[in-house]
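# Examining the three-dimensional arrangement
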Amino acid sequence: MPRARASLTAFLFLLPNLVGFLAFTAGPVLAAFLMTFFTGDFTTRLGDGAAPGAGGGGGISFEAGFVGLANYERLARDEELLRYLGNTLFLMGTIPINVAFSLGLALLLNQGLRGTTVYRTIFFLPTISSGIALFLIWRWIYSSEVGLLNAVLASVGIDGPSWLSDAAFAKPALMIMGLWIGMGGYNMVLYLAGLQDIDPALYEAAAIDGAGPLATFRHITWPQLAPTTFFIVVTNVIGGFQVFDQAYVMTGGGPEGATTTLVYYIYDLLYIRSDAAYAATVAVALFGLIFAVTVANWYAGRKLASGAAPA
Amino acid sequence: MSPARAGPGLPRTIASHAILLLVGVTMLVPFVWTLSTSLKAPGAVFEKPPRWIPWASRTYAPLGDDGAPVEVKVLREAPDGGVRVKVAEPGPRRGEVARVEPGRLTREEGPDLHPENYPRAWRAYPFVSFWRAYANSLAVALIVTVGHVLTSSLAAFAFARLRFPGRDVLFFLYLATMMVPGAVTMTPTFSLIRAFPDLLSRLFGTDWFTRELVIGGSVVGVDSYFALIVPRLFSAYGTFMLRQFFMSVPRELEEAARLDGCSTFGVYWRVVLPLCRPALATLAIFTFMWTWGDFLWPLIVTNSNELKTLPLLLASFQGQHTTAWHLLMAASLTALVPMLVVFLLGQRYFIEGIKLGAVKG
């Protein structure tokens, strides 16, 4: 039975990944949705012995039990959540600026100047270093007493604020850092690739028509880059919804919750407040948001671009 | 703006370079500043205005044998016109106080580098060794990288080159989960990992899974290498990306190999993998980068100091030594080294990977 044998072989190839996929991706996704209809911290119900598992889970007892849509009702009335959603959206305000800077840098690098590779490598350094170590470096830069930024501002006669502990400046501080990290990173590399894919014949035609640089950009470069822009905006928005590390390390979500993001809130609910069910509910809501934005972007992108999106 | 081959005119070339240089300097300044801070004496960190090259002025008095200059610290001026100084040079005479005529003091200015800040920073973490965390991060990142590429390539091979019932449905399921943010899977996975030792022990009727390990942490469950590594070994993204590459390997090569007596595993191992080496390298590099920088997951699944990865250690440092910026910067720069090495060696694969959509999301 060669067919059955072939299926068995395929199954063996698939097995290691499939086990992990079911246990750590598909299973948890399903579980997260189910958790939103329960209450409490599932984890603490474990190991307390006697009660047999409700779902045959060998020791898990949902003693708090099914609560229907109560978590979603709480979600709708949760003013904290609304505030943190606002914070998250506010922090995403840099996306258009980031996209513009990335495109500008890509255009400059696409002229075939000398040293292009060196520039590109240097521009990419912040992206490659991005992480806790880099955020700590920026804490030092933002330090109000002795930080580099306020020293620079002082040299032009400006008395810099205490960036990270002033509620009015904490968000802009995170945004400036985000721009510095992001503008020469993934977006710029994607734009460079996009620019190189544009058919040179289009530019020749524009030159024959006597189009200036601005008109050429408006009528050829920008529309031709639309799929790239679409892809960049979608990924940046998805990434923007999931900001956590920098808020945790640089401001601890503060001051007074000014930089608490959605994922920070989920972390807080899950780990600090031991409210796993509601954490899952907020996470599912976050997924809903990302899904909605992606679909909306996709429709907008289809209108914008005649071609297909990359990847 | 015009495409690459047209070549800009001279004024535009100059203007372009000016902007690019400005941006380049902006990108480099924080790193240079960090390096500078990491080499400063503790007091010099708070100097205003700040200096780029760590600098110090030293005072010498002729207190050595035959009046040789010895580095001293000026204490105060004595009422009789002399100056009281304390020997600052390391050695047996350190701390000795003497009186010197002011005219005999000499001053010298110069760079004042303190590379010993680095070993000091590595020893500055209470309860846990910096290198243990470094080794944890490296080990986790390397194991995850190898394992992730392996499981992804095996599954990708099945999806791309083999036929089996339910293939397309299953692949669609993989694709469907790619948009789900990590926060969604994190919550149940955390609960699952926490339940693991108990579940397994009940299942096998042993207490082996609930033990503590000699090297720190537990076998499975929270606070284990298992929790740091295993959930990261599989991803829909890796499978999807490699599948696209494996699809592009010509069928003829596979058929030729089979005619030569190659088994299915032989086709995977000797034909498809070698041909897709760039794709494997790209996935490996990105996996390494993600795992090396991973923060939220290790944050919630580790408790004991022995299990801390480097980002966790760095984050814990700041609370305790808020003013020891020179040490914190030395530790941060040390933490950046592996990623910089990986990037400089594999830059080409980075660029390729980004074009393939390997953007964390």
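Residues numbered from 1 in each chain as written. Chains lettered and ligands numbered in written order. Predicted model: local features only at pLDDT ≥ 70, side-chain atom pairs only at ≥ 80, totals over all residues.

### Considering the overall build of chain A
The helix and strand tally for chain A stands at 15 helices and 0 strands. Among the 311 residues that make up chain A, the fraction classed as buried is 43%. Of the contacts formed within chain A by residues at least 6 apart in sequence, a portion of 69% connects residues at least 24 apart. (Helix = DSSP H or I, 4+ residues; strand = E, 2+ residues; numbered from the N terminus. Buried ≥ 20, exposed ≤ 12 C-beta atoms within 10 Å, placed from the backbone. Contact = placed C-beta atoms within 7 Å.)

### A closer look at the overall build of chain B
When helices and strands are counted, chain B shows 13 helices and 5 strands. The C-alpha atoms of chain B give 30 Å as radius of gyration, which overshoots the globular expectation for 361 residues (21 Å, by more than 25%). Principal axes of the C-alpha set define a box for chain B whose edges measure 100 × 75 × 40 Å. The 361 residues of chain B split such that 39% are buried. Counted over contacts in chain B with a minimum sequence separation of 6, partners at least 24 positions apart contribute 64%. (Rg over C-alpha atoms; globule rule 2.2 N^0.38 Å.)

### Focus: helix α1 (residues 2-35) of chain A
Between its first and last C-alpha atoms α1 of chain A spans 43 Å; for 34 residues at 1.5 Å apiece the expected length is 50 Å, and the helix comes up short by more than 12%. Taking the largest bend as the criterion, α1 of chain A deviates by roughly 50°, centred on Leu15 of chain A, and proline Pro16 of chain A comes between one and four positions later. (Expected span 1.5 Å × (residues − 1). Bend = angle between axes of the 7 residues up to and from the residue.)

### Describing the pairing of strand β1 (residues 55-61) of chain B
Residue and element names in this part refer to chain B. Sheet topology places β1 next to strand β5 (residues 106-111); 6 bridges connect them, and they run antiparallel. Paired with Ser57 across the strands is Glu109, a residue of β5. Pairing of β1 with strand β2 (residues 70-77), which is carried by 3 bridges, proceeds in the antiparallel orientation. Bridging across to β2, Thr59 finds its partner in Val72. (Pairing = 2+ DSSP bridges.)

### Here's the deal with the interface of chain B and chain A
Each side of the interface is counted separately: chain B has 88 residues, and chain A has 90 residues. Every element with two or more residues in the side of chain B that touches chain A is listed here: α1 (10-38), α3 (130-161), α4 (167-177), α5 (182-204), α7 (236-247), α11 (296-301), α12 (310-320) and α13 (325-355) of chain B. For the side of chain B that touches chain A, the leading source of residues is α5 of chain B, giving 15 residues.

### Let's talk about α1 of chain B
The terminal C-alpha atoms of α1 of chain B, which comprises 29 residues, lie 41 Å apart, in line with the 42 Å expected from a rise of 1.5 Å per residue. Taken as a whole, α1 of chain B carries its principal kink of about 35° at Leu28 of chain B; the proline Pro30 of chain B stands between one and four residues after it.

### A short note on the nonpolar core
Ranked by internal contacts, the top residues of the largest apolar core, which has 159 residues, are Ile266, Val282 and Ala283 of chain A. The leading source of residues in this core is α3 of chain B, at 13 residues. Setting aside residues no more than four positions away along its own chain, Val282 of chain A makes contact with Leu75, Leu81, Leu262, Tyr265, Ile266 and Leu269 of chain A. (Core = buried A, V, L, I, M, F, W, Y, C linked by C-beta atoms within 7 Å.)

### Comments concerning the domain arrangement of chain B
For chain B, the assigned domains are domain 1 (28-54), domain 2 (56-111) and domain 3 (121-355). The straight-line distance from the C-alpha centre of domain 2 of chain B to that of domain 3 of chain B is 58 Å. (Domains from an automatic or database assignment.)

### Some thoughts on the sheet that holds strand β4 (residues 97-100) of chain B
The strands making up a sheet associate through backbone hydrogen bonding, with each pair oriented either parallel or antiparallel. All names here are of chain B. Strand order in the open sheet made by the 5 strands is β4-β3-β2-β1-β5, with antiparallel pairing throughout. Of all strands in the sheet, those bounded by a partner on one side alone are β4 and β5. The average undirected angle you get between the axes of adjacent strands in this sheet is 50°. Here 5 bridges tie β2 to strand β3 (residues 83-87), and the two strands are oriented antiparallel to one another. Across the sheet, residue Val74 finds its bridge partner in β3, namely Val85. (Axes fitted to C-alpha atoms, helices over the stretch in contact; angles between N-to-C directions.)

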